[in-house]
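Chain by chain, the residues:
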Amino acid sequence: MRFDEGAIREIHARVDIASFIGTYVPLHKRGNDLVGLCPFHNEKTPSFHVHPDKGFFKCFGCGTGGDVITFISKLENLAFPDAVRMLAQHAGIELEPENPQVSRMRSERESIYEANQTATAFFERMLRSEQGAQARAYCERRGISQASIEKFHIGYAPDEWNALTDELRRSSVDLEIAAKAGLVKRGERGFYDFYRDRLMVPTYSTTGEVIAFGGRALGEAEPKYLNTSTTPVYTKGRHLFALNLARRAASHDHTLIVVEGYLDCIALHQAGFENAVASLGTSFTEEQAKELRKYADGIFLCFDGDTAGNAAAAKAVEIAVQVIEHAGSGVRIVMLPVGSDPDSFVREHGPRAFAALLETSKPAIEHRLEREAERLQRGFDSPADIAKHAESLIRRMTPQMEWDRWRVWVAKRLKVNENDLRNSRFLANTANFAPRSLGVAPATRHVSTSLQPSSFEREALAIMLEEPGFAREFAGRIPVERFRNATYARIYERLVEHADRVGQTADVFALFADDSESMGVLTSLGQRDRSSTVRYEDSAQRRAHLDRVVERLQLDDERQRYAELSRRIDDLVMAGQNVSNDLRHEFDALVTKLKK
């Protein structure tokens, strides 16, 4: 979700970055900066700088930098919209006007949150009561500690038809709202409790609201697990259990562990793996994969060691490859022994054994290739057919730069020659080479984004960061096409596009509040004592430098045109054709100009 840039600028204006960060990090003054120990990595010597005048921070130990939105996003592991909302609330800023329909929807959602919170408190109280004795005994048998009960707000739904319904009435909760939340159902004689005689585990959103419940039967009742269906605040297959807790742990090592059940997840947290989440009783979905991608660079998918678990792993790997691997993150598959689940495994073998499983987990692509190689080995295909299928698999599932590596791996497994894979008849069918992706257009040849920006790119952007008005003045004289580095080009293009709305450095940062890569570049350019760019004392010197950039670009164009004309004249002479007067005049004029 994108927010109005005016709201972002208002946040920058109202939230004093030094005071705000100072509530999290002890800072002391050093020159024009405030300095402290970086909260994003362990260090003994302060390398974390806050620049109140420019509105950004930068750590020279780990490289993290950005504005106040970036800071709270990284510290609390919040998605960008959640960080903006948090700061807007902190500063008393209304992010968007609400029309009556939006207001009604918001009011309904808030009412559902209130109903869910009332239910959570009631279930917790019931677990502590005499009625909850059986549920407490169940927790003890499952090894769920009192600390975990409190951490996850575990409760108990009494074996009664109206216990929660009566509590909601006493708390003035509209039972129609409670029904929309999935807490009660309407029958012929009125409302009755949906959950009865079950251990209750609430699911929280990443912003802290209770959005759903899972109820585990204590006896022989079916289904064993009863979960909230889709409601106005909860969509099955989109959310993950315990992500509100795990995202904090993920901010340290940037990994998350995905299991199937919430009791498995609780067991892992209790064993010290606080970066565990659960898929809430659903198959792993694209929406969940996208949500995980926001918080971690590495994802472990951990499944039960039975047939269903293997089937779930196969489907999950397909999604992981498409959504997470294609986005640049790593996915590894953790397979438990047959008959084990994460809960039973960690209770029987301990945390170290589970950590060893994580260490020996396989990359998602290798897991899939291995399964397909086993299938091919068991079949009756000829070596030529096997080579064709294997090459198809490699091209579909792995990045192009890794094709040769996986050809060697697959060829060894299938006992075929790796060159047979390269030269299989499959190569003749170009339709098979289209990558499996999520609607991404076919790749085209382009200049690598890893090219280091030339000095003029750095200098021009540094000047426009200090004095944004120059973006409008030089927009027509310094074409964006002259920027070789894609990130620098993107920054410059947006600066020019919004040139009439950026008057100071903070406005520039506001333009890139949701673009971490660009924010990193800008914070580096804005750091006076660490940036490699030259600093100028006043507007006249800055303008003079940009004028020199324009002159240099014109000179480069003229040299390129000279080379083109020279080749063209040579080709005409070699072909015995006449060189036109216009061509000669243009060439002679360039020669004269370049000799000066």
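Not measured: the values here are computed from a predicted model.

Reading the values: rules and limits
- Residues numbered from 1 in each chain as written.
- Predicted model: local features only at pLDDT ≥ 70, side-chain atom pairs only at ≥ 80, totals over all residues.
- Heavy atoms only, no water.
- Helix = DSSP H or I, 4+ residues; strand = E, 2+ residues; numbered from the N terminus.
- Buried < 20%, exposed > 50% of the residue type's maximum accessible area, 1.4 Å probe, protein only.
- Contact = heavy atoms within 4.5 Å.
- Areas by Shrake-Rupley, 256 points an atom, 1.4 Å probe, with all protein chains shown as cover.
- Phe/Tyr/Trp six-rings, centres within 6.5 Å; stacked < 30°, edge-to-face > 60°.
- Lys NZ or Arg CZ within 6 Å of the ring centre and 35° of its normal.
- Core = buried A, V, L, I, M, F, W, Y, C linked by side-chain atoms within 4.5 Å.
- Expected span 1.5 Å × (residues − 1).
- pLDDT = per-residue confidence, 0-100.
- Salt bridge = Lys/Arg side-chain N within 4 Å of Asp/Glu carboxyl O.
- Pairing = 2+ DSSP bridges.
- Axes fitted to C-alpha atoms, helices over the stretch in contact; angles between N-to-C directions.
- 1 Å grid on protein atoms, 1.4 Å probe; cavity = no way out; pocket = protein on both sides within 12 Å on 5 of 7 lines; lining within 4 Å.
- Points joined across faces, edges and corners; volume = space filled by probe spheres on them.
- Nonpolar A, V, L, I, M, F, W, Y, C, P; charged D, E, K, R; others polar.

1. Section: the overall build of the chain
Next, step 1: Looking only at helices and strands, the chain has 26 helices and 16 strands in total.
Next, step 2: Within the chain, the fraction of its 596 residues that count as buried is 48%.
Next, step 3: Taking all contacts inside the chain whose residues are at least 6 apart in sequence as the whole, residues at least 24 apart take part in 65%.
Next, step 4: For the chain, the exposed area adds up to about 30,500 Å²; of that, 48% sits on carbon and sulfur atoms.

2. Here we look at the packing of aromatic side chains
Next, step 1: The final tally for this structure, using the stated rule, is 22 aromatic pairs.
Next, step 2: Plain terms: the ring middles of Phe-40 and Phe-71 are 5.8 Å apart, the flat faces sit at 70° to each other, and that makes the pair edge-to-face. One end of the pair, Phe-40, is in the loop between β2 (33–36) and β3 (48–51); the other, Phe-71, is in helix α3 (residues 68–76), and 31 residues separate them in sequence.
Next, step 3: Residue classification places Phe-40 among the partly exposed positions, given a relative accessible area of 23%.
Next, step 4: Here the aromatic cluster, defined as three or more aromatic residues joined through ring pairs, consists of Phe-20, Tyr-24, Phe-40, Phe-48, Phe-57 and Phe-71.
Next, step 5: Looking at Arg-216, its charged tip hangs above the ring of Tyr-225, at a distance of 5.5 Å from the centre.
Next, step 6: When the ring centre of Phe-512 is taken as reference, the NZ or CZ atom of Arg-494 above it lies at 5.6 Å.

3. Describing the nonpolar core
Next, step 1: If you look at the biggest cluster of nonpolar residues, it comprises 64 residues, and the most contacted ones within it are Ile-154, Leu-183, Phe-241, Ile-257 and Phe-354.
Next, step 2: At eight residues, helix α5 (residues 100–128) tops the list of elements feeding residues into this core.
Next, step 3: Ignoring sequence-local partners within four residues, the contact set of Ile-154 consists of Glu-124, Leu-127, Ile-144, Ser-148, Ile-149, Leu-199, Met-200, Val-201 and Ile-266.

4. Remarks on the environment of Gln-146
Next, step 1: Here Gln-146 is to be found in helix α7 (residues 146–151).
Next, step 2: Remark: the alpha-carbon pair of Gln-146 and Arg-136, spanning 10 residues in sequence, is separated by 9.4 Å.

5. Details of helix α18 (residues 403–414)
Next, step 1: If you check α18, its first and last C-alpha atoms are 16 Å apart, about what 12 residues at 1.5 Å a residue would give, namely 16 Å.
Next, step 2: Phi turns positive, to about 60°, at Lys-415, one or two residues after α18.

6. A closer look at the confidence of the model for the chain
Next, step 1: Here the chain averages 81 in pLDDT, while 84% of its residues score no lower than 70.
Next, step 2: pLDDT under 50 marks residues 425–451. Its contacts with residues more than four places away, or in other chains, come to 24 contacts.

7. A few points about the pattern of salt bridges
Next, step 1: The final tally for this structure, using the stated rule, is 20 salt bridges.
Next, step 2: Across the pair Lys-180 and Glu-108 runs a salt bridge whose closest N-O atoms are separated by 2.6 Å. You can see Lys-180 sitting in helix α9 (residues 175–180) and its partner Glu-108 sitting in helix α5, a full 72 residues away along the chain.
Next, step 3: Its relative accessible area of 43% is what places Lys-180 among the partly exposed residues.
Next, step 4: Residues Arg-490 and Glu-517 are paired through a salt bridge, measuring 3.2 Å at the closest nitrogen-oxygen approach. Here Arg-490, found in helix α22 (residues 486–497), pairs with Glu-517, found in helix α24 (residues 516–526); they are 27 residues apart in sequence, far enough to count as distant.
Next, step 5: Judged by relative accessible area, Arg-490 falls into the partly exposed class, the value being 32%.

8. Describing the pairing of strand β4 (residues 56–59)
Next, step 1: Residues Phe-56 and Lys-58 line one face of β4 and the alternating positions Phe-57 and Cys-59 line the opposite face, and both faces are buried.
Next, step 2: Strand direction decides the pairing type here: β3 and β4, joined by four bridges, are antiparallel. Each residue of the ladder has a partner; that of Phe-48, found in β4, is Cys-59.
Next, step 3: Between the end of β3 and the start of β4, which pair antiparallel, lie four residues, with Gly-55 showing a positive phi angle near 80°.
Next, step 4: Sheet topology note: the β4/strand β5 (residues 65–66) ladder contains two bridges and is antiparallel. Within β5, the position partnered with Phe-57 by the bridge is Gly-66.
Next, step 5: Between β4 and the antiparallel strand that follows it, β5, lie five residues; Gly-63 among them carries a positive phi value of about 90°.

9. Regarding the sheet that holds strand β6 (residues 155–157)
Next, step 1: Read from one edge to the other, the open sheet built from four strands follows the order β6-β9-β10-β11, with strand pairing classed as antiparallel. Every other strand in the sheet has two partners, leaving β6 and β11 (225–227) as the edge strands with one partner each. Each strand axis lies, on average, 35° off the axis of its neighbour in the sheet, ignoring direction.
Next, step 2: Bridge analysis of β6 against strand β9 (residues 198–204) gives three bridges, and the strand direction is antiparallel. Residue pairing for β9: Gly-155 is matched across the bridge by Met-200.

10. Digging into helix α4 (residues 80–91)
Next, step 1: In a regular helix each residue adds 1.5 Å, so 12 residues correspond to 16 Å; α4 covers 16 Å between its end C-alpha atoms and thus fits that length.
Next, step 2: Inspection of α4 places Phe-80, Pro-81, Asp-82, Ala-83, Val-84, Leu-87, Ala-88 and Ala-91 among the buried residues, and these make up the whole buried set.
Next, step 3: Downstream of α4 by one or two residues, Gly-92 has phi in the positive range, about 70°.

11. Quick notes on the layout of surface pockets
Next, step 1: A volume near 1,100 Å³ is recorded for the second largest pocket.
Next, step 2: Taken together, 33 residues make up the lining of the second largest pocket; nearest its centre are Ser-73, Lys-74, Asn-77, Leu-78 and Lys-294.
Next, step 3: Those elements giving two or more residues to the lining of the second largest pocket turn out to be α3, α4, α10 (243–253) and α24.
Next, step 4: It is α3 that provides the largest number of residues to the lining of the second largest pocket, a total of six residues.
Next, step 5: Among the residues making up the lining of the second largest pocket, the classes are represented as 12 nonpolar, 13 polar and eight charged.

12. Describing the pairing of strand β12 (residues 255–259)
Next, step 1: Here β12 lies mainly inside the structure; five of its five residues are buried.
Next, step 2: Neither face of β12 is exposed, since Thr-255, Ile-257 and Val-259 on one face and Leu-256 and Val-258 on the opposite face are all buried.
Next, step 3: For β12 and strand β14 (residues 298–303), the ladder comprises four bridges, and the chain directions are parallel. Paired with Val-258 across the two strands is Leu-301, which belongs to β14.
Next, step 4: By the bridge criterion, three bridges tie β12 to strand β13 (residues 276–278) in an arrangement that is parallel. Paired with Ile-257 across the two strands is Ala-276, which belongs to β13.

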